Amino acid sequence: MAGCTYIKSLQVSKNVVLPSSASGCNCKGSCTDPRSCACARLNGSDFPYVHRDGGRLIEPKAVVFECGPNCGCGSSCVNRTSQRGLRYRLEVFKTPKKGWAVRSWDFIPSGAPVCEYIGVLKKTDDVDSNPENNYIFDIDCIQTMKGLGGRERRVGDVAMPSLPVQSDDKDSGPEFCIDAGTSGNVARYINHSCQPNLFVQCVLSAHHDITQARVILFAADNILPLKELTYDYGYELNSVHGPDGKIKELACYCGAPDCRKRLF
């Protein structure tokens, strides 16, 4: 597409310092015993995925801890499910009212990872000056966990080694974001829906800092071939302001029976 360079992995802005690597588990070959796997213990002493269809997430989680580069297991480990790249044939197509959109040529089973939101990892303060960039994804795991903006609250027995507790009392907003304005992957073309068939999942693998979590889109339902892929952008009404301070409004054309009529 014009104006965008397609990239397959996350790029990092020069002024972003990456967190220290997670120590990982000592499993060999593939992680099978949740009682002895250090990564499984972080997920509430169980693996978040089942082996069906190459790995499927059992249910949406506050955070998913996957095995990372320092783990003893190999690439076939089920707890690396979201790290294997695209497994379905996705197509970007033009719609009458919503611009570009994405659909799959293949059947996608519920719980399957569809794609990662890829772009340039930046500090949120560095992109606030460009209000016309509509391809910025705030890494806001706190919002996902608490169910803010109308989302369903996600609770679970998972570890939070890098959860900034002080953020409960301070609404400072997300520190980092993924900017897919000029460099990104197919995820930047996936539209919003008030009744989506994908959900956003924060995933940690190389490190355990939720402020820089990977953003993965999973199938919320079984998705038939050629059905448009959508997720809830999570905007609250009247939450977006223009450079002049006035509230911005954007109509929603998702067509869902319970459409809120406005994206923000």
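That block above? That's the structure.
J.: What is the right way to read the sheet that holds strand β9 (residues 120–123) from this model?
T.: Pairing between the strands of a sheet is mediated by backbone hydrogen bonds and can be parallel or antiparallel. The strand order across the open sheet formed by 4 strands is β2-β9-β11-β10, and the pairing between neighbours is mixed. Looking at which strands have only one partner, the edges of the open sheet turn out to be β2 (11–12) and β10 (136–138).

J.: Which parts of the structure should I look at to understand the pattern of salt bridges?
T.: Side-chain pairs of opposite charge can arise whenever the charged atoms involved come near each other. Per the counting criterion, the structure on display carries 11 salt bridges. For D106, the salt bridge identified is with R89, shortest N-O distance 2.7 Å. Highlighted residues: D106 in the loop between β7 (99–104) and β8 (113–116) and R89 in the loop between β5 (64–65) and β6 (90–95), separated in sequence by 17 residues. According to the relative accessible area criterion, D106 is buried, its value standing at 18%.

J.: What should I look at first to understand the pairing of strand β15 (residues 214–219) in this one?
T.: Look at any regular strand and the pattern is simple: side chains alternate between the two faces of the sheet. Counting buried residues in β15 gives 6 out of 6 residues, a clear majority hidden from the surface. The pairing of β8 with β15 spans 3 bridges and is antiparallel. When the bridges of β15 are listed, E116 appears paired with I216. Pairing of strand β14 (residues 198–204) with β15 involves 6 bridges; the strand directions are antiparallel. The residue of β15 that forms the bridge with F199 is F218.

J.: Can you walk me through the environment of V102 in this structure?
T.: With respect to the helices, strands and loops of the structure, V102 is situated in strand β7. Measuring from C-alpha to C-alpha, the distance between V102 and L226 comes to 8.9 Å, with 124 residues separating the pair along the chain. Those residues in contact with V102, other than ones at most four positions away along the chain, are L90, E91, V92, F93, V186, Y189, I190, K227, E228 and L229.

J.: What should I look at first to understand the packing of aromatic side chains in this one?
T.: How two aromatic rings sit relative to each other is given by the distance of their centres and the angle of their planes. Following the criterion strictly, the structure yields 5 aromatic pairs and no others. For the pair Y117 and F137, a centre-to-centre distance of 5.1 Å together with 50° between the ring planes defines the contact as tilted. Here Y117, found in the loop between β8 and β9, pairs with F137, found in strand β10; they are 20 residues apart in sequence, far enough to count as distant. According to the relative accessible area criterion, Y117 is buried, its value standing at 4%. Here F199 and F218 contribute two aromatic rings whose centre-to-centre distance is 5.8 Å and whose plane-to-plane angle is 15°, an arrangement assigned as stacked. Pair noted here: F199 is in strand β14 and F218 is in strand β15, with a separation of 19 residues, a long-range link.

J.: In this structure, what is going on with the sheet that holds β14? I would like to understand it.
T.: Sheet architecture is open: 4 strands sit in the order β5-β14-β15-β8, paired in mixed fashion. Lying at the two open borders of the sheet, with one neighbouring strand each, are β5 and β8. One ladder, built from 2 bridges, connects β5 with β14; its direction is parallel. Across the sheet, V64 pairs through a bridge with V203, a residue of β14.

J.: How should I be thinking about unusual backbone geometry in this particular structure?
T.: Peptide bonds are mostly trans, and most non-glycine residues show a negative phi. Phi at S45 is positive, roughly 60°, even though this residue is not glycine. With phi around 55°, D53 is a residue other than glycine that occupies positive phi space. With relative accessibility at 45%, the residue D53 sits in the partly exposed group.

J.: What am I meant to see in the side chain of N191 here?
T.: Inspection of the secondary structure puts N191 in strand β13 (residues 191–192). Owing to a relative accessible area of 12%, N191 belongs among the buried residues under this scheme. A polar atom in the side chain of N191 sits 3.1 Å from the side chain of E228. Sequence-distant contacts of N191, defined by excluding residues within four places in its chain, comprise K98, W100, A101, E228, L229, T230, Y231 and Y233.

Calculation rules
Residues numbered from 1 in each chain as written. Predicted model: local features only at pLDDT ≥ 70, side-chain atom pairs only at ≥ 80, totals over all residues. Heavy atoms only, no water. Pairing = 2+ DSSP bridges. Helix = DSSP H or I, 4+ residues; strand = E, 2+ residues; numbered from the N terminus. Salt bridge = Lys/Arg side-chain N within 4 Å of Asp/Glu carboxyl O. Buried < 20%, exposed > 50% of the residue type's maximum accessible area, 1.4 Å probe, protein only. Contact = heavy atoms within 4.5 Å. Phe/Tyr/Trp six-rings, centres within 6.5 Å; stacked < 30°, edge-to-face > 60°. Polar contact = N/O pair within 3.5 Å; in protein donor to acceptor, adjacent residues only side chain to side chain.

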